[in-house]
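# Coordinates in review
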Amino acid sequence: MVVRRRARAVLLPLGLYAVSILVVGYFLHEAESGNRGLEAKRALKIQAYNLQQELDATKADRAEWERRVALLRSDQIDRDLLEERARVVLGRVHPNDVVVINP
């Protein structure tokens, strides 16, 4: 009986410590690599950065197109822009232009 009491006095705390270490280890693992863990946070930050870069590029592109449309809508059309569009639409070139054809 004395042996059982000593074994219980030693094994019970060891078992509780082992279970608590396993539980803490599980939560640490999930905090690092779970769906909402640190790795997921890093991936979301990278994705947000890439989307922000794409948004900035799109905003710059839109500003350029708004500027070009404003030139077409003004009281007097910009002659260079009109000539450029006419050349593209009609497929013509100026006699002084150098044409480079890519094979």
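The structure this text deals with has already been given above.
Residues numbered from 1 in each chain as written. Predicted model: local features only at pLDDT ≥ 70, side-chain atom pairs only at ≥ 80, totals over all residues. Heavy atoms only, no water.

Enumeration according to the criterion identifies five salt bridges in this entry. Of the charged contacts in the structure, one is a salt bridge between arginine 42 and glutamate 32, with a shortest N-O distance of 3.6 Å. Placement of the pair is arginine 42 in helix α2 (residues 38-73) and glutamate 32 in helix α1 (residues 2-33), with a sequence separation of 10 residues. With its nearest N and O atoms 2.8 Å apart, the salt bridge here joins glutamate 66 to arginine 62. Placement of the pair is glutamate 66 and arginine 62 together in helix α2, with a separation of four residues, close to one helical turn. You can call glutamate 66 partly exposed: its relative accessible area is 46%. (Salt bridge = Lys/Arg side-chain N within 4 Å of Asp/Glu carboxyl O. Helix = DSSP H or I, 4+ residues; strand = E, 2+ residues; numbered from the N terminus. Buried < 20%, exposed > 50% of the residue type's maximum accessible area, 1.4 Å probe, protein only.)

Our focus in this paragraph is a nonpolar patch on the surface. Taken together, the side chains of Val10, Leu11, Leu14, Tyr17 and Ile21 define a hydrophobic patch exposed on the protein surface, amounting to about 570 Å² of accessible area. Looking at where leucine 14 falls in the secondary structure, it is placed in helix α1. (Patch = residues over 30% accessible without salt bridge, like charges linked within 9 Å, V, L, I, M, F, W, Y side chains within 5 Å. Areas by Shrake-Rupley, 256 points an atom, 1.4 Å probe, with all protein chains shown as cover.)

A few words on the packing of aromatic side chains. By the definition in use, this model includes one aromatic pair. When the centroid spacing of 5.5 Å and the interplanar angle of 65 degrees are considered together, the rings of tyrosine 26 and phenylalanine 27 count as edge-to-face. For tyrosine 26, a relative accessible area of 48% gives the class partly exposed. Judged by its relative accessible area of 56%, phenylalanine 27 is exposed. Positioned over the ring face of tryptophan 65 is arginine 68, at 5.3 Å from the centre of the ring. (Phe/Tyr/Trp six-rings, centres within 6.5 Å; stacked < 30°, edge-to-face > 60°. Lys NZ or Arg CZ within 6 Å of the ring centre and 35° of its normal.)

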